[in-house]
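Fold and geometry: a report
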Amino acid sequence: MNKPSIYGLTMVQLADWLEQHGHKRSRSVQVWDSLYKKRVDQFEDMDVRAEIRELLAEHFSMRTMQEHVKQESADGTVKFLLRLQDGNLIETVLMRQKYGQSVCVTTQVGCNIGCSFCASGLIKKSRDLNAGEIVEQIMKVQQHLDAQGEGKLVTHIVVMGIGEPFDNFENMVNFINIVKDQKGLVIAPKRITVSTSGLPDKIREFADSDLLVNLALSLHAPNNELRTRIMKINRAFPLEQLMDAVNYYLQKTNRRIMMEYILLQGVNDQVEQAHELAALLADKKQMTSVNLIPYNPVDEHSQYQRSKQEDILAFYDVLKKNGINCTIRMEHGTDIDAACGQLRSKQMKKAERSRDNGSTTLVSG
């Protein structure tokens, strides 16, 4: 039977567990230090008493995923395809920024949100990741950085990989509490951003959670007709409900929200849609900003293409003239499988072709 990840325990949960197994709660500090400061990758190297090492090794694992494929871009972006204990594949991405090392993590195996332009949704959700599997993605990237010997640390986290984080709310919250712990990885809350496609009840719960991390909303359209056409979640939660939840979040937290807007040629990138978006955000423009995202084409979604540069700039210009804080996202990893979920989808197709040819070995090409 597969053992759960040791990385899935908060400091308090680890202390509780040790106490239940006959050890002092204070031993959790030593275990935590070995995991996140010394970053050992096997229990026998932990700087704790032998009986505790043996007990932890009996009940937990440090390696619930293995690197299956790694793609490195000329700009320093690294995309990891990781194989879980049950054979499922997930993606994690390291992006090198001027301000530090940012990691994009996955929260689910597959996605059920059904955005018609997205590679992540090509394969439906089969399960949630537990907190340990999300934290272990960070540790895999940190181990990659450690191996380079430059002393670089993961400094920023974006929860924007495969899946809908708010559809895996409890594990996502535990993950955040683990990575921002002051005795562990010490990722400052202001350097953590969670992205959602828009689950109003969970946005309210997130506002009440007092996690103090950033929120990004995948908006992608300024009206219900268009948003429903490209994002089926809008059928269940139209913009009126979503904006009500956004207003609750802003009032409760007094924290800004980033509105993410993927530009699709001839679909949502015209100046009339820019004016609609400016009107939608007019009453909250002091607390929101828009991140315009050039589209990374996906083979399976050939109906969508990247917007022309002149259309991107015209859209941007309309927002700025209407007082909307706006940026155009800097791109990373354009020379590898840039779209989220794209590498996973390609590898799974290779595996299917391999099986069709009489082999059951997963191809790592």
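Reading the values: rules and limits
Residues numbered from 1 in each chain as written. Predicted model: local features only at pLDDT ≥ 70, side-chain atom pairs only at ≥ 80, totals over all residues. Heavy atoms only, no water. Salt bridge = Lys/Arg side-chain N within 4 Å of Asp/Glu carboxyl O. Buried < 20%, exposed > 50% of the residue type's maximum accessible area, 1.4 Å probe, protein only. Helix = DSSP H or I, 4+ residues; strand = E, 2+ residues; numbered from the N terminus. Core = buried A, V, L, I, M, F, W, Y, C linked by side-chain atoms within 4.5 Å. Contact = heavy atoms within 4.5 Å. Pairing = 2+ DSSP bridges. Axes fitted to C-alpha atoms, helices over the stretch in contact; angles between N-to-C directions. Arc of directions from axis to C-beta. pLDDT = per-residue confidence, 0-100.

Following the criterion strictly, the structure yields 18 salt bridges and no others. Here K38 ties to D33 by a salt bridge, and the two come within 2.4 Å at their closest N and O atoms. A relative accessible area of 26% places D33 in the partly exposed class. In this structure, D128 engages K125 in a salt bridge whose closest nitrogen and oxygen atoms are separated by 3.1 Å. A residue is classified by how much of its surface remains accessible, and D128, at 27% relative accessible area, is partly exposed.

The next subject is the side chain of T77. As for its placement among the helices and strands, T77 is situated in the loop between strand 1 (65–72) and strand 2 (78–84). Given a relative accessible area of 2%, T77 falls into the buried group.

For D210, which is not a glycine, the phi torsion comes out positive at approximately 60°. As for its position among the elements, D210 is in the loop between helix 6 (200–208) and strand 9 (214–218). Relative accessible area serves as the criterion here: at 59%, D210 is assigned to the exposed category. The backbone of H220 sits at a positive phi, close to 70°, despite the residue not being glycine. Looking at where H220 falls in the secondary structure, it is placed in the loop between strand 9 and helix 7 (224–230).

So, about the nonpolar core. Residues I6, I157, F175, F206 and V290 are the most contacted members of the largest nonpolar core, which totals 102 residues. If sequence neighbours within four positions are ignored, F206 has contacts with F166, F169, M172, V194, L211, V213, N214, L215 and Y249.

Attention now moves to the environment of F80. By the secondary structure assignment, F80 is in strand 2. In sequence terms F80 and E91 are 11 residues apart; their C-alpha atoms lie 5.6 Å from each other. If sequence neighbours within four positions are ignored, F80 has contacts with E67, V69, K70, I90, E91, T92, L94, V141 and H144.

Spatial ordering of the open sheet is given by 1-2-3-4-7-8-9-10-11-12, a layout of 10 strands whose pairing is mixed. Unpaired on one side and paired on the other, strand 1 and strand 12 (325–328) mark the two borders of the sheet. Here the average twist between neighbouring strands, direction ignored, is 25°. Pairing of strand 8 (residues 192–196) with strand 9, which is carried by 4 bridges, proceeds in the parallel orientation.

Here the focus is helix 10 (residues 271–280). Every α-helical turn comprises 3.6 residues, leaving residues that sit three or four positions apart pointing alike. Of the residues making up helix 10, those classed as buried are Q273, A274, L277, A278 and L280. Burial along helix 10 is one-sided: seen end-on, the buried residues are contained in an arc of 160°. Where helix 10 is buried, its residues contact helix 7, helix 9 (239–253), strand 10 (257–263), strand 11 (288–294) and helix 11 (309–321).

Moving on, we come to the confidence of the model for the protein. Of all residues in the protein, 90% have pLDDT values of 70 or greater, and the mean over the chain is 91. The low-confidence segment residues 359–365 (pLDDT under 50) makes 16 contacts with residues lying over four places distant or belonging to another chain.

The buried fraction of strand 3 (residues 89–97) amounts to 8 of the 9 residues, a majority that puts the element mostly inside the structure. In this structure, strand 2 lies alongside strand 3, joined through 6 bridges in antiparallel fashion. Looking at the pairing, R83 lines up with L89 of strand 3. Remark: 4 residues form the turn of the hairpin made by strand 2 and strand 3, two consecutive strands paired antiparallel; G87 in that turn has positive phi of roughly 90°. Of the pairings in the sheet, the one linking strand 3 to strand 4 (residues 100–104) comprises 5 bridges and is antiparallel in character. Looking at strand 4, one finds that M95 is bridged to S102. Taking the residues between adjacent antiparallel strands as the criterion, strand 3 and strand 4 are bridged by 2 residues.

Counting buried positions along strand 10 gives 6 out of 7 residues, so the element sits mostly inside the fold. Both strand 9 and strand 10 contribute to a ladder of 4 bridges, which runs parallel. Its bridge partner lying in strand 10, S218 is registered against E260. Looking at chain direction, strand 10 and strand 11 are connected through 7 bridges and run parallel.

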